[in-house]
Amino acid sequence: MTASDLQAVLPLIVLAAGATILMLQISLRRDLPLTITLTLLTFALAALSCIPAHDMTTRQVTPLLQADTLAILFSALFCIAGIITTLLSMDYMKHRGDEPEEYFLLLILSTLGACILTYSVHVASLLLGMELMSVALYALVAYPDRSILPLEAASKYLVLSAAASATTLFGFGLLYAYTGTLEFSELGNRLATLPAATNTSILVVAIVMCLGGLGFKLSLVPFHMWTPDVYQGAPSPVTGFLASVSKAAIFLVLLRWFIEGNLFQYAVLLEATALLAILSMLVGNFLALQQSNIKRILAYSSVAHMGYLLIILNVNDNRALASEAALYYLIAYTVTSLAAFGLLSLLSAHQATDENAELNTINGLFWQHPLLAGLLFIALLSLAGIPLTAGFIAKFYIFSAAVSGYHWLLLGSLIIGSGIGIYYYLRVIFTMLNHEDSPAAINETTAIQNGVSVKFISFILIGAILILGIAPQPLIEYLQSIL
Amino acid sequence: MSLAILIILLLAGGVVAWQAERFNRDLPRWISLAAIALALLYFLNTVSGLHPDSFSLSPNPTEASSWLIHYQLDWIPRFGIRFELAMDGLSLLLIILTLVLGLIAVASSWDEISFKPGLFQANLLWTLAGVVGVFLALDLFLFFLFWEVMLIPMYCLIAIWGHEDKAYASMKFFIFTQVSGLLMLLSIMVLAWQGNVVNGQYSFSYFDLLSLQFESRYSFWMMLGFFLAFTVKLPGFPFHTWLPDAHTQAPTAGSVLLAGILLKTGAYGLLRFCIPLFPEESMQFAPIAMTLGAAGVVYGAILAFAQIDFKRLVAYSSVSHMGFVLLGLYAWNSLAIQGAIMQMVAHGVSTAALFMLAGALQHRLHTRDMNQMGGLWQAMPRMGACALFFAVASLGLPGLGNFVAEFLTLVGLFKVNPWMTAIAALGLITGAIYSLWLIQKTFQGEHLHQQQNTLKDFGQREMITMAAMMVVLIWLGLYPQPVLDLTQPVVDGLQSMFPLEPIFHGASL
């Protein structure tokens, strides 16, 4: 391993080193401000280290990792998401848990797992990254120790997620038995050269098992059952992290697996993903209609959004456009989810015990905290795909990718799903704009601190969503150049 | 550039009006008035700077330089998306209508809004900016963007300042337009993709797409996507159900904008995009479209007669009148199209006035129920006279703009399909019934309202706005030639490019 190899994986090294230092610091002396400073420093350095790493050409660093601009772009995105989550967690954790220092350690570890996934071109590194990310997340979900809901959510997530990981592992095991390789690209080569007489049904079973396991992590229908409960029970900053970073990382590795392994050649597989996509779009949106808790609404909406994203895997003819669409969508979705859950974190930061994200907590929010309400307003418009927001360009991309492959069924579901989606997004917006019923609820239960960091985060996120929606060309050009 | 400045002026005016609320609660409406007046003056100044001959030249729909003003800027080159604005006689007319009705909307809500007046005026101005954008955008992506973006401030107007059932009404309005808009987006994407297949690059420009030669089995469905989006907005029967709810619940200014100009974006879209982009498919589809139009004329009139809510009655009368637009456009001959355009202007003014009256009545009586009105003429003679004027305008009294519009449409339509004309002509009779019924129930008859004597008649401000609208309608009715001259070249340009006729199967129809 040469110095330039190390440079190419610098973000991973920085994050790992940061985690180690933080662990030592906590064991020597508990000091929350210092922990937070170190966490922010680690994330910032890791994000900055993406700049020198970016200068390197694409290279294979050990058989496990492939350092290319794609990996580095998303590592940087995840580190920035880590910074935002840390800032959101600061107030939140002060009121929950006696010793919140380890929370930040877990956050770094989970981000490290996500970054490993972006580099991953090998089953071993896929599992390593996925488990590192998930195991840290179980603990993060359960961290607030004074209430029952997080604990329930964490147990549910732990059991189901472990089962999903095992399924994925089994699927990869079967693939290995057939092809004798764990590398994605080699897998593609071996699959292509398999003798025609080979029984492919086991192969299909294997790939579908992998898809099921990863589909669980992406909360695609019918593997979505855990999503609303975990989203609701988890602390809001963690939910934001779970909804944005962990989803994006898993989807990215899924995309790589499909492209490197050239899995597009299996019609059955494509049909399976199309089915998952249609079910997720329709069921996710439909179930979101029934909810009155904002976190549950957003949970089901994320199910639907993963369905929209999965359309990409069906676009076979126009792979470059499809990958571009997927990357743009992932970036837009990460920013938007962070914004939506960020607002909920800020709202619930001062609720002493259980979080209450029922719709009526934000009744009339717009008239009392215009900036915060504006953040949720923009985030919801972006999720709904209204022009001038990041979500619209993302949806536009999906449209153009799907149109280029003439996938009418998927497009139809996309339109129906989006139509249903408007209703529940508007319901939240309408509640925020309401000025007639007594908006007392918010004054009693929450006293939102309008500190500098709150304003800073709100402005950054609103700005990011609008810039991605109004002037997407620079990012599009960049994405085109790295694909 | 001047067109972009027009939009920016309205957007910026909105921001200033919003923030001005901090200093003085009366300031926003003055700023709003000033911003629209400034935009109007600026626009008229720009237009007067053009060469007089250029107005009589027929613009070639595929040649941007032959339009009155054309402005473009690269925006998202990845998809060939440009910030492309262009104006011909049609958009010129509709922008003047938009800005004038904008002024009237501000005047009509002068002392109605007490909650957050700054934000109210901001939303009003942003809606106007969106509508002006719709009338100017000639890049289909940009057009779609304005189409969607104008919804949000309109949604806010209804959802925040609306009446008792605003949640339902605003939601219905948004979902109807949004879902049909997504179908249009899909059509736009398929069209642009066809362009990409043929030319090897994306373009959303109207001029490029219009000259695109492609043989596609999807074109009928694409046409349908556009048609649905525009017909929902128009609104054409049977997609009109959002309109009575949205109108009834919207604040006065919201209703004025909705009836006066937002509905016209649907008609404009049909004439500008749907028919020229898919001429053959449209002409095949014309019998269905015209049937929907004729059904709308009759159905809207019958339902209008059945209403006891003042605003709902006017809303259903809009459905009836917009049916004429659908008929006129799909008859696709010069007279009928001119009639449809006249109808857009005349209906915009007369309905805006009726909604303003409805708002004024609700402000005074706190009800829209006509069973609780009656005999109001005695207490408010000026208001009664105005109501009578606009009611007879709406029923198509010769000498006023609406008559010219409906007459031209029917004459043009007769050449194409006499039976359809006969059905549509029923609209003139039924129109008389519900319009006069409206006057009888509210201003004539017995005194029903208790505080009859304390009611305040129209003041100077209201009378000025009413008088302005009356002048417009009389002018359109007596001397419509300038308006016809303005749009004739546009109609000629389209007609010479697509010399087609609606295709009716079977001679009986």
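Residues numbered from 1 in each chain as written. Chains lettered and ligands numbered in written order. Predicted model: local features only at pLDDT ≥ 70, side-chain atom pairs only at ≥ 80, totals over all residues.

The helix and strand inventory of chain A stands at 21 helices and 2 strands. Overall size of chain A, expressed as C-alpha extent along the three principal axes, is 70 × 55 × 40 Å. Here chain A holds 483 residues, and the buried ones make up 59% of them. The contacts in chain A between residues at least 6 apart in sequence include a share of 82% that link residues at least 24 apart. (Helix = DSSP H or I, 4+ residues; strand = E, 2+ residues; numbered from the N terminus. Buried ≥ 20, exposed ≤ 12 C-beta atoms within 10 Å, placed from the backbone. Contact = placed C-beta atoms within 7 Å.)

All names here are of chain B. Turning to its location among the elements, Thr-98 is positioned in helix H3 (residues 89–108). For the pair Thr-98 and Ala-387, spaced 289 residues apart in sequence, the C-alpha separation works out to 22 Å. Leaving out residues up to four positions away in the same chain, Thr-98 has contacts with Leu-128, Val-131, Val-132, Phe-135 and Ile-261.

Between Val-221 of chain A and Pro-222 of chain A the backbone carries a cis peptide bond, its omega angle lying at 10 degrees. One can find Pro-222 of chain A in the loop between helix H9 (201–217) and helix H10 (226–233). Omega for the bond connecting Phe-237 of chain B with Pro-238 of chain B falls within 30 degrees of zero, at 5 degrees, which places this linkage in the cis form. One can find Pro-238 of chain B in the loop between helix H9 (219–233) and helix H10 (242–249).

Counting along an α-helix, one turn takes 3.6 residues, and residues three or four places apart therefore face a common direction. The terminal C-alpha atoms of helix H5 (residues 101–119) of chain A lie 28 Å apart, and with 19 residues this matches the ideal 27 Å at 1.5 Å per residue to within 8%. For H5 of chain A, a buried count of 18 out of 19 residues is recorded, marking the element as mostly surrounded by other parts of the structure. (Expected span 1.5 Å × (residues − 1).)

This paragraph deals with the confidence of the model for chain A. Detail in the predicted coordinates should be disregarded across regions flagged by low pLDDT. On average, chain A scores 87 in pLDDT, and the residues at 70 or more come to 94%. Segment residues 440–446 of chain A is flagged for pLDDT under 50; beyond a separation of four residues in sequence, or across chains, it makes 14 contacts in the model. (pLDDT = per-residue confidence, 0-100.)

Among soluble globular proteins, nonpolar side chains are generally buried collectively. Counting 384 residues, the largest nonpolar core has Val-141, Ile-312, Tyr-328, Tyr-329, Leu-380 and Ile-398 of chain A together with Leu-357 of chain B as its most contacted members. Here the element with the most residues in this core is helix H14 (residues 319–348) of chain A; it accounts for 20 residues. (Core = buried A, V, L, I, M, F, W, Y, C linked by C-beta atoms within 7 Å.)

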